[in-house]
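Examination of the molecular architecture
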Amino acid sequence: MEKMVTKLRTARFLGFALTLGVAWAHGQTPGPSPEKKSGDVFKNLKVLNDTPSDLLLPSMQFITSSLGVHCEYCHVENAFAKDDKKPKQTAREMMRMVEEINRTKFQGKQEVTCYSCHRGSPKPLTVPVIADATPRLASSSVSDNPRDVANQPSSHDVLSKYITARGGASALGSLTNLEERGTFESDSRRFPVELYLTKSGQSATTIHLNGTDRISAFEGTTGWIVIPGRPIRVMSSAEMDAARLDAAFQFGLDLNTIFPEIRFKEFSKLSTAKSVVLSGQRPGLPPVEMYFDITSGLVLRSVYYSTSTLGLNPIQTDYSDYRRVGAVKVPFHWTSSTPTGRFSVQITTVRVNVSIPKEVFSKPRGE
Ligand code: HEC
Ligand code: HEC
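About the criteria used
- Residues numbered from 1 in each chain as written.
- Chains lettered and ligands numbered in written order.
- Predicted model: local features only at pLDDT ≥ 70, side-chain atom pairs only at ≥ 80, totals over all residues.
- Heavy atoms only, no water.
- Near = heavy atom within 4 Å.
- Polar contact = N/O pair within 3.5 Å; in protein donor to acceptor, adjacent residues only side chain to side chain.
- Helix = DSSP H or I, 4+ residues; strand = E, 2+ residues; numbered from the N terminus.
- Donors = N, O, S within 2.8 Å, 3.2 Å for Na, K, Ca; no water.
- Tetrahedral: all angles 85-135°; square planar, octahedral: opposite > 155°, others 65-115°.
- Buried < 20%, exposed > 50% of the residue type's maximum accessible area, 1.4 Å probe, protein only.
- Salt bridge = Lys/Arg side-chain N within 4 Å of Asp/Glu carboxyl O.
- pLDDT = per-residue confidence, 0-100.
- Contact = heavy atoms within 4.5 Å.
- Core = buried A, V, L, I, M, F, W, Y, C linked by side-chain atoms within 4.5 Å.
- Lys, Arg positive; Asp, Glu negative; His and termini not counted.
- Expected span 1.5 Å × (residues − 1).
- Pairing = 2+ DSSP bridges.

1. What to know about the site of ligand 1
The environment of ligand 1 is formed by 25 residues, the closest being Met60, Cys71, Cys74, His75 and Arg92. A distance of 2.8 Å separates an oxygen atom of ligand 1 from a polar backbone atom of Leu48. Within the side chain of Arg92, a nitrogen or oxygen atom sits 2.5 Å from an oxygen atom of ligand 1. Mapped by element, the contributors of at least two residues to the shell around ligand 1 are α3 (56-67) and α4 (86-105). For the shell around ligand 1, the leading source of residues is α3, giving six residues.

Below is the structure:
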């Protein structure tokens, strides 16, 4: 079971990203929050002390993705404060170096991150790679090149085609909740899963692992995560935001109400389907990219970025197998991927507008 817990650490389930195993949770120390500084929550910080404490683990996730390593590459297992491993000490120097480069060369903007050099490897390359195909070289400044914007569709048209494809505004409007059952798959292991979602943004997910349950519950303003063998923990603001967005894509909610501004980004090809990529903008938050199938009008992919002190963590969800449930179309399959892991959900049965007991969304009983 412990092995499974480790695997699930980096998995994300319906927006419940970064379900990381963390040391502080075992003591009586209060957990991280946006108000508290990292230095007040964690034991042995020398660089990230003044950063918001709820961004410390997302920052660790960012490092892990940027270098393509496990936490244990730098940390003694379950003793994150220890400095025994050389790479952890090097990483501190690197954090200072990156901060200095951005401050002195890029007006304090986060232009250089760990990923700029590391590109998914602990050892950055120093010699250019020879590509398999004939390379295409640029002859003018990339920022001077006009973007391919011929026949650029209006985001309004793309969104109304999407609503029509999902069953139309009035059918979607009468959908108030969803009860979904199916299979959760991660690393070729499968477990039964059930999900409850309401249009007002509550959600609850239970994955039945062998004998124990992994539960996430979000009642609209607070959320909780129960991972077997670990104390119950409160969801971070990024996890709650992702949960709300996931519900929006499940319900086909009016994306204009979520994003004050939606811009055309580019055309893109996902496997065989040509798609239009729109970028949803919200003040003070990273954009959300949405890929709409040009033919069917349905959302094929969303890419969400969550903030950390060291850079953005991308989370991609690919939706497929849209099936008709009553008058609306609902995605029956999705795969959620981050640079370090992925899982999929295949739904088999969906019931709509059922009566869901309120307790489903409230704080689950921990261990
Ligand atoms: C490339 C090295 C590296 C990797 C990989 C890494 N960390 Fe860290 N981690 C650090 C460094 C360096 C610090 C100390 C930062 C400082 O001094 O401000 C740290 C600090 C921490 C702390 C605070 C410990 C304390 O109480 O002082 C926690 C918790 C932590 N990391 C968790 C993780 C988790 C979980 C992962 C895997 C997702 C991870 N780290 C991956 C380098 C790493
Ligand atoms: C400007 C380029 C650059 C950036 C940006 C950068 N690194 Fe590095 N990093 C390097 C180089 C080059 C090495 C290899 C040095 C060597 O082999 O001796 C390295 C080595 C390391 C190592 C040691 C790996 C090992 O096991 O030998 C760690 C850990 C590391 N970097 C972490 C980070 C982290 C964390 C960040 C972001 C905060 C970061 N680096 C940003 C260039 C960079």
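Read on for the rest.
2. Re the site of ligand 2
The local shell around ligand 2 holds 17 residues, among which Tyr73, Met94, Cys114, Cys117 and His118 are the closest. Contact between ligand 2 and His118: a nitrogen atom at 2.8 Å from a side-chain N or O atom of the residue. Separating an oxygen atom of ligand 2 from a side-chain N or O atom of Lys123 is a distance of 3.2 Å. Of all the elements in the fold, those that place two or more residues in the shell around ligand 2 are α3, α4 and α5 (114-118). At six residues, the largest contribution of residues to the shell around ligand 2 is made by α4.

3. Things to note about the coordination of the iron atom of ligand 2
On the protein side, the iron atom of ligand 2 has Met94 (SD) and His118 (NE2) as donor atoms, found 2.0 to 2.4 Å from it. Between the six donor atoms coordinating the iron atom of ligand 2, the angles at the centre fall across 84 to 179°, so the site counts as octahedral. With a gap of 24 residues between them, Met94 in helix α4 and His118 in helix α5 connect regions that are remote in the sequence. A relative accessible area of 34% places Met94 in the partly exposed class.

4. Some words on the pattern of salt bridges
Summed over all chains, the structure comprises 16 salt bridges. Arg301 is paired through a salt bridge with Asp318; the nearest N and O atoms lie 2.7 Å apart. Within this pair, whereas Arg301 is found in strand β10 (residues 299-306), its partner Asp318 is found in strand β11 (residues 313-325), the two being separated by 17 residues in sequence. Residues participating in the shared-partner salt-bridge network are Lys46, Asp83, Lys88 and Arg92.

5. So, the confidence of the model for the protein chain
Of the residues in the protein chain, 89% reach a pLDDT of 70 or more, and the chain-wide mean stands at 88. Across residues 1-29 the pLDDT falls below 50, and counting only partners more than four positions away or on other chains, this stretch makes 93 contacts in the model.

6. Overview of the nonpolar core
Judged by nonpolar contacts, the single largest core of 44 residues is most densely connected at Leu255, Leu278, Met290 and Phe292. When neighbours within four sequence positions are excluded, Leu278 is seen to be in contact with Ser155, Val158, Leu159, Ile262, Arg263, Phe264, Lys265, Val288, Glu289, Met290 and Phe292. Within the second largest apolar cluster, 11 residues are counted, among which are Phe62, Ile63, Leu67 and Met95.

7. Observations regarding the coordination of the iron atom of ligand 1
In the first shell of the iron atom of ligand 1, the protein supplies Met60 (SD) and His75 (NE2), at 2.0 to 2.3 Å from the metal. Around the iron atom of ligand 1 sit six donor atoms; with metal-centred angles ranging over 87 to 179°, the donor geometry is octahedral. With Met60 in helix α3 and His75 in the loop between α3 and α4, this pair connects stretches of sequence that are 15 residues apart.

8. Re the side chain of Arg166
Tracing the backbone shows Arg166 in helix α6 (residues 155-166). Of the buried charged residues, Arg166 lacks a salt bridge, with Glu180 as the closest side chain of opposite charge at 7.7 Å. Engagement of the side chain of Arg166 in a polar contact is seen with the backbone oxygen of Lys329, the distance being 2.6 Å. Filtering out sequence-adjacent residues up to four positions away, Arg166 remains in contact with Leu172, Phe249, Gln250, Phe251, Gly252, Leu298, Tyr322, Ala327, Val328, Lys329, Val330 and Pro331.

9. As for helix α8 (residues 237-251)
For α8, with 15 residues, the first-to-last C-alpha span of 21 Å sits near the 21 Å given by 1.5 Å per residue. Of all 15 residues in α8, 12 are buried; the element is thus mostly enclosed. All of the buried residues along α8 are Glu239, Met240, Asp241, Ala242, Ala243, Leu245, Asp246, Ala247, Ala248, Phe249, Gln250 and Phe251. At the C-terminal side of α8, Gly252 shows a positive phi close to 65°.

10. As for the pairing of strand β5 (residues 223-226)
Regular strands place their side chains on alternate faces of the sheet. Where burial is concerned, the two faces of β5 agree: the one with Gly223 and Ile225 and the one with Trp224 and Val226 are both buried. Here strand β4 (residues 213-218) runs beside β5; their pairing, made up of four bridges, is antiparallel. Looking at the pairing, Ser216 lines up with Ile225 of β5. What sits between β4 and β5 in their antiparallel hairpin is a turn of four residues, with Gly220 showing a positive phi close to 115°. With two bridges joining them, β5 and strand β6 (residues 233-234) adopt antiparallel strand pairing. When the bridges of β6 are listed, Trp224 appears paired with Val234.

11. Examining the environment of Cys74
As for its position among the elements, Cys74 is in the loop between α3 and α4. Along the backbone, Cys74 and Gln89 are 15 residues apart, and their C-alpha atoms lie at a distance of 8.3 Å. When residues no more than four places from it in sequence are discounted, the contact partners of Cys74 are Lys85, Pro87 and Lys88.

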